[in-house]
Amino acid sequence: MLEQYERIKAQHRDAILLFRLGDFYEMFGEDAREGARLLGLTLTKRQEMAMCGVPHHASRSYIHRLLRHGRKVAVCEQTSAPNGKSITTREVVEVLSPGSVFDLDYLDPKISNFIAAISCDTNHVSLAWCDVSTGELNVTAHEIPSHEGDNRSSAVESIVRRELARLSPSELLVQESLLERTDSLQRLAAPEHAAVVNRIPDWGFNREQSVRRLTELFGVVSLQGFGIERSDPALTPVAALLEYLEDNARHVLAHISHLHRHTDDRFLVLDDATIRNLELVHNMQDGGDAYTLVEVMDECCSAMGSRLLRRWMLSPSRRRDVITDRHDRVAELYHDQPTLQRLRGDLSSVYDLERLVGRLGVEKAHPKDVRAIAGTLRAADNIGATVSHWYGATPETGLLDSADDRQTLLSIEERIVTTLDDDPAVALAEGGIIRAGFDEELDRLRALRDESRHILSEYLEEQRRATGVTSLKIKYNRVLGHFFEVPSGQARRLPDDFIRRQSLANAERFTTTRLGELEDQINSAGETADLREQQLFMDLRAAVAGKTALLTQMARRISEVDVMAALAYAATLRGWRRPTMTDTPVLNIHGGRHPVVESHLPPGDFVDNDLSLGGSGPRFALVTGPNMAGKSTVLRQTALIVLMAHVGSFVPAETAELGVTDRIFCRVGASDNIARGESTFLVEMNETSNILRNATDRSLIIMDEVGRGTSTHDGLAIAWAVTEYLLEEVQGRTLFATHYHELAHLKHPQFTALGMAVDHSSETIVFLKKLRPGTEDRSYGVDVARMAGLPEAVISRARELLARLEQGGVTLPYGTDPSATASPGVGRSAGEDAVPAAGAPDSPQSADFSAPPGELFHPEDLLRTELAGIDPDSLAPREALDLIYRWKRGLSQ
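Keep in mind that what you see is a predicted model, and the values were worked out from it rather than measured.

Asker: Explain the overall build of the protein here, please?
Answerer: Looking only at helices and strands, the protein has 28 helices and 29 strands in total. Burial statistics for the protein: of 893 residues in total, 51% are counted as buried. Residue pairs in contact within the protein that sit at least 24 positions apart in sequence constitute 67% of those at least 6 positions apart.

Asker: Sorry, what's going on with the side chain of Ser126 here?
Answerer: Structurally, Ser126 is set in strand 8 (residues 124-131). Of note is the side chain of Ser126, whose polar atom sits 2.8 Å from the backbone oxygen of Pro233. What Ser126 contacts, discounting residues up to four positions off in sequence, is Ala117, Ile118, Ser119, Thr140, Ala141, Pro233, Ala234 and Pro237.

Asker: Even after reading the chapter, I still don't get the sheet that holds strand 27 (residues 766-773), so can you show me in this structure?
Answerer: Across a sheet, strands are paired by hydrogen bonds formed along the backbone, either parallel or antiparallel in direction. The sheet built from 7 strands is open, its strands ordered 13-23-24-25-21-26-27 with mixed pairing. Looking along the sheet, the strands with just one partner apiece sit at the ends: strand 13 (269-270) and strand 27. In this structure, strand 26 (residues 751-759) lies alongside strand 27, joined through 5 bridges in antiparallel fashion. Bridge pairing links Met756 to Leu771 in strand 27. Packing of helix 22 (residues 631-647) onto the sheet brings it into contact with strand 13, strand 21 (620-624), strand 23 (663-668), strand 24 (700-704), strand 25 (733-737), strand 26 and strand 27, and relative to strand 24 it is tilted by some 160°.

Asker: Can you help me understand the pairing of strand 17 (residues 507-511) in this one?
Answerer: Walk down a regular strand and you will see the side chains alternate between the two sheet faces. Here strand 17 lies mainly inside the structure; 5 of its 5 residues are buried. Relative to strand 17, strand 15 (residues 481-487) is paired through 4 bridges, and the arrangement is antiparallel. Looking at the pairing, Phe484 lines up with Phe510 of strand 17. Sheet topology places strand 16 (residues 499-503) next to strand 17; 4 bridges connect them, and they run antiparallel.

Asker: Quick question: what am I supposed to make of the packing of helix 15 (residues 367-387) against helix 16 (residues 403-419) here?
Answerer: Two numbers describe a pair of packed helices, the interaxial angle and the distance between the axes. Running from amino to carboxyl end, helix 15 crosses helix 16 at an angle of 135°, the nearest separation of the two axes being 9 Å. Comparing the axis directions of helix 15 and helix 16 gives the class oblique. Our pair here, helix 15 against helix 16, has a crossing hand that is left-handed. Between helix 15 and helix 16, the residues in contact are Val370, Arg371, Ile373, Ala374, Leu377, Arg378 and Asp381 and Arg406, Leu409, Leu410, Ile412, Glu413, Ile416 and Val417, respectively. Partitioning the contact of helix 15 with helix 16 into residue classes produces 9 nonpolar, no polar and 5 charged.

Asker: Looking at this structure, I do not really get a nonpolar patch on the surface. What am I missing?
Answerer: Side chains of Leu881, Ile884 and Tyr885 sit close together on the surface and give an oily, nonpolar patch of about 300 Å² of accessible area. Looking at where Tyr885 falls in the secondary structure, it is placed in helix 28 (residues 877-892).

Asker: Hey, could you run me through the environment of Gln209 in this one?
Answerer: Locating Gln209 in the fold gives a position in helix 7 (residues 207-218). In sequence terms Gln209 and Pro237 are 28 residues apart; their C-alpha atoms lie 9.7 Å from each other.

Asker: What is the right way to read the sheet that holds strand 15 from this model?
Answerer: If you trace the 4 strands from one edge of the open sheet to the other, you get 14-15-17-16, paired in antiparallel fashion. Strands with a single pairing partner mark the edges of an open sheet, and in this sheet they are strand 14 (473-477) and strand 16. Averaged over all pairs of adjacent strands, the angle between their axes in this sheet comes to 40°, without regard to strand direction. Against the sheet, helix 18 (residues 452-467) touches strand 14 and strand 15, its axis set at about 135° to strand 14. Relative to strand 15, helix 19 (residues 513-545) is tilted by about 145°, and along the sheet it contacts strand 14, strand 15 and strand 17.

Asker: Whenever I open this one, the packing of aromatic side chains confuses me. Can you help?
Answerer: Two numbers describe a pair of aromatic rings. These are the distance of the centres and the angle of the planes. Following the criterion strictly, the structure yields 10 aromatic pairs and no others. Here Tyr5 and Phe19 contribute two aromatic rings whose centre-to-centre distance is 5.4 Å and whose plane-to-plane angle is 85°, an arrangement assigned as edge-to-face. Highlighted residues: Tyr5 in helix 1 (residues 2-10) and Phe19 in strand 1 (residues 15-21), separated in sequence by 14 residues. Owing to a relative accessible area of 3%, Tyr5 belongs among the buried residues under this scheme. Relative accessible area serves as the criterion here: at 0%, Phe19 is assigned to the buried category. Members of the aromatic cluster, joined through ring pairs, are Tyr459, Phe484, Phe498 and Phe510. Sitting above the plane of the Trp312 ring, Arg326 keeps its charged end 3.6 Å from the centroid. Across the ring face of Tyr391, the terminal group of Arg329 is positioned such that the distance to the ring centre comes to 5.1 Å.

Asker: Is there a simple way to think about the pattern of salt bridges in this case?
Answerer: Proximity of charged atoms lets side chains of opposite charge pair with each other. Summed over all chains, the structure comprises 48 salt bridges. The partner of Glu34 in a salt bridge is Arg71, and the shortest N-O contact between them spans 2.3 Å. Pair noted here: Glu34 is in helix 2 (residues 29-39) and Arg71 is in the loop between helix 3 (59-68) and strand 5 (72-78), with a separation of 37 residues, a long-range link. The shortest N-O distance in the salt bridge between Arg574 and Glu299 comes to 3.3 Å. You can see Arg574 sitting in helix 20 (residues 548-574) and its partner Glu299 sitting in the loop between helix 10 (293-297) and helix 11 (303-314), a full 275 residues away along the chain. Each of the salt bridges in this network shares a partner with another, and the network as a whole consists of Arg162, Glu163, Arg166 and Asp264.

Asker: Sorry if this is basic, but what is going on with unusual backbone geometry here?
Answerer: When glycine is set aside, most residues are seen to have a negative phi, and most peptide bonds are trans. Positive phi, close to 60°, is recorded for Glu363, a residue that is not glycine. Within the secondary structure, Glu363 is located in the loop between helix 14 (353-361) and helix 15. On the accessibility criterion, Glu363 (60% relative accessible area) is exposed. In the Ramachandran plot, Gln731 falls in the positive-phi region, its phi being about 65° despite a non-glycine side chain. Relative to the elements of secondary structure, Gln731 occurs in the loop between helix 24 (712-730) and strand 25.

Asker: Looking at this structure, I do not really get the pairing of strand 2 (residues 24-28). What am I missing?
Answerer: Here strand 2 lies mainly inside the structure; 4 of its 5 residues are buried. One ladder, built from 3 bridges, connects strand 1 with strand 2; its direction is antiparallel. Of the residues in strand 2, the one forming a bridge with Phe19 is Glu26. Hairpin geometry of strand 1 and strand 2 is characterised by an intervening segment of 2 residues between the two adjacent antiparallel strands and by a positive phi of about 65° at Gly22. Where strand 2 and strand 4 (residues 49-55) come together, 5 bridges link them in antiparallel fashion. Opposite Phe24, over in strand 4, you have Pro55 as the bridge partner.

Asker: How should helix 16 be read in this particular structure?
Answerer: An α-helix turns once every 3.6 residues. As a result, residues three or four positions apart point the same way. If you check helix 16, its first and last C-alpha atoms are 24 Å apart, about what 17 residues at 1.5 Å a residue would give, namely 24 Å. Residues Leu409, Leu410, Ile412, Glu413, Ile416 and Thr419 constitute the buried set of helix 16. Where helix 16 is buried, its residues meet helix 15, helix 19 and helix 20.

How each quantity is defined
- Residues numbered from 1 in each chain as written.
- Predicted model: local features only at pLDDT ≥ 70, side-chain atom pairs only at ≥ 80, totals over all residues.
- Heavy atoms only, no water.
- Helix = DSSP H or I, 4+ residues; strand = E, 2+ residues; numbered from the N terminus.
- Buried < 20%, exposed > 50% of the residue type's maximum accessible area, 1.4 Å probe, protein only.
- Contact = heavy atoms within 4.5 Å.
- Polar contact = N/O pair within 3.5 Å; in protein donor to acceptor, adjacent residues only side chain to side chain.
- Pairing = 2+ DSSP bridges.
- Axes fitted to C-alpha atoms, helices over the stretch in contact; angles between N-to-C directions.
- Parallel < 35°, antiparallel > 145°, perpendicular 65-115°, else oblique.
- Left-handed = near helix turned anticlockwise from the far one by under 90°.
- Nonpolar A, V, L, I, M, F, W, Y, C, P; charged D, E, K, R; others polar.
- Patch = residues over 30% accessible without salt bridge, like charges linked within 9 Å, V, L, I, M, F, W, Y side chains within 5 Å.
- Areas by Shrake-Rupley, 256 points an atom, 1.4 Å probe, with all protein chains shown as cover.
- Salt bridge = Lys/Arg side-chain N within 4 Å of Asp/Glu carboxyl O.
- Phe/Tyr/Trp six-rings, centres within 6.5 Å; stacked < 30°, edge-to-face > 60°.
- Lys NZ or Arg CZ within 6 Å of the ring centre and 35° of its normal.
- Expected span 1.5 Å × (residues − 1).

Shown next, in the form of structure tokens:
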């Protein structure tokens, strides 16, 4: 048996093999050790082989847990009955992987379950992704920026990470050379992605092979009907994806009936940092959906709607006509609350039609699934009668394109209802699937099975009347089966068609051809009824599967209606208003609020804010203010309001005029990523680089504390240079929050300064959370430290040092000489080295006063800044003279 196990395991090295032994699935060796660890099972040994197992009847829950841990599972069944002479035949009947499962018990109903294939050539990064549970197949290709030069690998990784953040695939097929090209790309397989990563040889990514497989799958001669050319680089990964699904996951793919080409110019692009920093679908604490935007917006009644809303959130539209159409639909329901409530009632009766159709396509739909389709079609007809005008149709066409299509699905619904029992069994072998009265032959078989005694009694009475022998009886034993028995004296009265079976002292036993037939029918009636019932169900399932295209269209439109109704309901609950969309790159928000923060505060507690960027006003706003004053909240709420509007939602603001945006960049906060070998500051610079290279004048840019991860002067220099670049080169709508108050001296027609208001009229500081023109030149960090509970001695000393720093400098307790041994807090003297004030250059010699082209500071501003940080007593005569000459040169330029 172990030899048999090893042969099968050799074919599935990348999967945990569940090996059927009687009533258990057993795991052996390394599989057993891993299975015991992941499932909390007791690990045992037999013949020095580690083993553990799970009961066959409870295997589904264990398989689900293995899939959630990102493992593949190969299910090996006994395919022959034990005969006591040879080993039982076993073979793998199914390979389950996180990205290729159909069973609804293994899937999160609100999240699409994508498996993605990724390849890279000289010029493009290509992706194909599929949700096999719904049959959704998509492709895209991204051109690698030519300006990257030596940073090509970084550009490729940036594209891949952005796509992974948008799709969150549970399984990846990655071109082998792509993983091996650089260390950074090998980190795609890191645990942070929570996806199974399969290395696929480069020859598996072939564009011509992809075209051939797709044309065969769809039964077409070309892909032009899908808007895709044969030479499109986006097709390259498709062959690898389809081959994996067919061979490794052992699925037929007939339910995949459409191919969609994803292009960035149709969507508002969000990179991985923005998706993470805005906490759209996962929070930054535990990765859950609590305190996220999706938690606030998702009021959908169906799982299909929830999945579509997530897709819209991660890929918002940038087409003004699409956005406006969605706003129109939300507004219609928002202003007609009775219709909205009735519509949501119908939507609550809808099952997950997308995934039910997917199960139909792979012949995995059980009777309850098909019955659920009928219930959904009935509810969908009511929904169509309400919103058919959204699709240019009438109540006669419903959610479909023609009255004939609607009638076809109504006929399917009627056939399901008349065929299946109201509460059919899940397993076909259990019976109780087909409704009584639907099939005469099935009813007869059921009658034979359930009423055999009555049938035999009727036949006995029939024979008594025919023969006149009233003493005739029907009896049964295990040897003869059913037989007629009469007293010996009456036997001669029986006709010739009675066949003698046995003679007793006082009785004779006979049978007839008809009795034999009835006995055979009775004995096989149960099995035959089950087979008949299964065949009738399979005929029905095939008929329903034949309408996959119409069912898929119906599912897609139900999803859209559900999202529209959810957005209208959320706007009603939370007081959101319709935004105005324009092609001008403008951002005018009056009374804006943070949708997530507001939803977790008592009504009326959130402080709203106004903001205006672009149009005839400045495009760049420098936002200053102390910690806890609400800068990050204002920054994030601005990005969320813009994103929500592009999704099609109303927004948390009194009024909002928003220009159509191509990208949102949100660089807020930073943390290190040890797994990727990146410090906090490197993460910050990577995100900043991505913004400066990819943002346009149509982008919304949110940046917070750029340069804070390094020294004061380095950080100020970087923040200054980034500000200039955004103003002069990018020219996008930008909110730039900083504690570098020196930047407030910038002079530029597109620059404005805003500050978070603070009431410090008394000893108690009150953060008003209000954005107003001007700057806040204090950070109140010591006050925040006091509020956090730092010891009073530390607070007092910090206040003392702060006062001295603000006056121009403070001496350290010992010099910068490495040999100095004085302890902090003692030995302060006028002759010791001084710490320059914030904003001063590291040394007079290193400071550069000459202004570069496009300089935004006036020379006098820089002169004041540098003078404020110089200790004249510490300058040597030669250093002072050098400073004078350099200032003179700078002022004369």
